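Chain by chain, the residues run as shown.
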Amino acid sequence: MSTTYISPLVPLGVQAAFAARSDPAITPTPKILQEFELKDRVGLVTGANRGLGLEMALALLEAGARVVYCVDLPEEPGDEWQAVRAYVERMGAGRLGYVSQNVANQKAMWDLGQMIGDKEGRFDVGIAAAGIAKVMDALDYPKEEFEQVLEVNTGGALFTAQAVGRQMARFGTPGSIILIASGSPTVAYGSSKSAVLQMARSMACELGPKHIRVNTVSPGYFHSPMTIPLLDSPAALAHCNSLIPLGRVATPSEIRGVVTWLASDASTYCTGSDIIVSGGLHAW
Ligand SMILES: NC(=O)c1ccc[n+]([C@@H]2O[C@H](COP(=O)([O-])OP(=O)(O)OC[C@H]3O[C@@H](n4cnc5c(N)ncnc54)[C@H](O)[C@@H]3O)[C@@H](O)[C@H]2O)c1
């Protein structure tokens, strides 16, 4: 299976400068932005009917991906997703696909990965962004709700990573898996996301020899449907803003750069890492 990856053996940076010095036939050309490009890559993003997942799917396409499959619960994607697809079409970028699926269904996720691999002939990027947050008092947290949060946030992240990782291993090509975690301390949601942090480290160690990288991104407070209940009044928003060194809750588009970098060859030596995007909230 041929790929368009920039080989680590292709001289970049200072090595390229040295190579050009000894070979006057080489025309020096800037390469750094090219390293961020996702030309012809195939990706999947869960929870991408809306919110941060949809932002990430659009970012991958803007960076050159051939196709990004969005996975979410509704049978049909919503207005926001439709608007993004129309925008992508007018841009002449790759395809935005939609698949209705529950990430907590392991077999269905594996089958979906297989279907995409069969159809596209490669699999390069997988982002697990599907998530639920049910905030309740720790001492009263009901068993069923606790299990559901773990099933979706932790189980769903694993099944997504498996679905895409199995295809990367099948094609024998490098890949980037990004699991969306969080720094939240709430008991069920925080526990489910802490497990995701360790999951990425464990998978990074196991999959490194296959050139499959696994990292997490930990967002702080972002405006999204998930945080509406938290930020639903001017007082609540002002309180939240006051906790953040940069003084404000993030806009969803502020996740784009980090995710595109992690998906791309600009981060080929980065695995088992957690990238925190919190406006400095974690720095206190
Ligand atoms: N918004 C924030 O401030 C924030 C902060 C830290 C982490 N996160 C994480 O970022 C990710 C995206 O969150 P968001 O803010 O965009 O929230 P969101 O609620 O807008 O999006 C989450 C999406 O996941 C989907 N989903 C839920 N359960 C699913 C399931 N079983 N199968 C498939 N899809 C399912 C939902 O339908 C929804 O579209 C989540 O993992 C969340 O925990 C968000």
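Whatever comes next refers back to the structure up there.
The rules we used
By convention here, each chain's residues receive numbers from 1 onward along its written sequence. Per-residue local features are limited, in this predicted model, to residues with pLDDT of at least 70; the limit for side-chain atom pairs, both in listing and counting, is 80 or more; totals at the level of whole chains, interfaces and linings are taken over all residues. Excluding hydrogens and water, the side-chain values take into account all heavy atoms of the structure. Residues belong to a common nonpolar core when they are buried Ala, Val, Leu, Ile, Met, Phe, Trp, Tyr or Cys residues joined through side-chain atoms within 4.5 Å. The rule is simple: take the accessible area with a 1.4 Å probe, protein chains only, and divide by the maximum for that residue type; under 20% is buried, over 50% is exposed, in between is partly exposed. Numbering of helices and strands runs from the N terminus; a helix is a DSSP stretch of H or I covering at least four residues, while a strand is a stretch of E covering at least two. Here a residue-residue contact requires only that any non-hydrogen atoms of the pair lie within 4.5 Å. Near, as used in this document, describes a residue that has one of its heavy atoms within 4 Å of the molecule or strand being considered. Think of a polar contact as two N or O atoms within 3.5 Å of one another; within protein, one of them needs to be a possible hydrogen donor and the other a possible acceptor, and neighboring residues in sequence only count if both atoms come from side chains. Residue-level accessible areas treat just the shown protein chains as cover; the underlying method is Shrake-Rupley with a 1.4 Å probe. Cavities and pockets were defined on a 1 Å grid built from protein atoms only: a cavity is a group of points that admits a 1.4 Å probe but offers it no way out, a pocket is an open group of points flanked by protein on both sides within 12 Å along at least five of seven lines, and a lining residue is one with an atom within 4 Å of any such point. Occupancy of a cavity or pocket is assigned to a molecule whenever over half of its atoms lie within 2 Å of that pocket's grid points. Residue polarity follows a fixed list, in which Ala, Val, Leu, Ile, Met, Phe, Trp, Tyr, Cys and Pro are nonpolar, Asp, Glu, Lys and Arg are charged, and the others, Gly among them, are polar. A pair of strands is treated as paired once DSSP finds two or more bridges between them. Helix axes use the C-alpha atoms of the stretch in contact, all axes being lines fitted to C-alpha atoms, and the angles between their N-to-C directions lie in the range 0 to 180 degrees.

Peer 1: I'd like to hear about the nonpolar core, residue by residue, with values.
Peer 2: Ranked by internal contacts, the top residues of the largest apolar core, which has 34 residues, are Val45, Met56, Leu60, Ile127, Ile178, Val217 and Val259. Put simply, the parts of the chain that give this core at least two residues each are α2 (51–62), β2 (67–72), α3 (79–91), β3 (95–100), β4 (125–128), β5 (175–180), α8 (256–263) and β7 (274–277). Looking at this core element by element, the count peaks at 7 residues for α2. Beyond its immediate sequence surroundings of up to four residues, Leu60 is in contact with Leu38, Val45, Ala65, Val68, Val125, Ile127, Val259 and Ala263.

Peer 1: Account for the site of the ligand, with residues named and values stated.
Peer 2: The environment of the ligand is made up of 27 residues, and the closest members are Arg50, Asp72, Asn102, Tyr189 and Ser224. One of the side-chain nitrogen or oxygen atoms of Arg50 is found 2.7 Å away from an oxygen atom of the ligand. For the ligand, an oxygen atom lies 3.5 Å from a polar atom in the backbone of Gly131. Surface burial for the ligand is 95%, taken as the share of its 820 Å² of free accessible area covered by protein chains. With respect to the detected pockets, the ligand is housed in the largest pocket. Of all the elements in the fold, those that place two or more residues in the shell around the ligand are α2 and α6 (187–207). Taken together, the residues that form the shell around the ligand break down as 15 nonpolar, 9 polar and 3 charged.

Peer 1: Would you mind going over the sheet that holds strand β6 (residues 212–219) in detail, with residue names and values included?
Peer 2: The strand order across the open sheet built from 7 strands is β3-β2-β1-β4-β5-β6-β7, with neighbouring strands paired in parallel fashion. With partners counted over all chains shown, the strands left at the sheet margins are β3 and β7, one partner each. Recorded for the sheet is a direction-independent mean angle of 20° between the axes of neighbouring strands. Alignment of β6 against β7, held across 4 bridges, turns out to be parallel. Bridging across to β7, Val217 finds its partner in Ile275. Against the sheet, α6 contacts β5, β6 and β7, and its axis sits at roughly 160° relative to β6.

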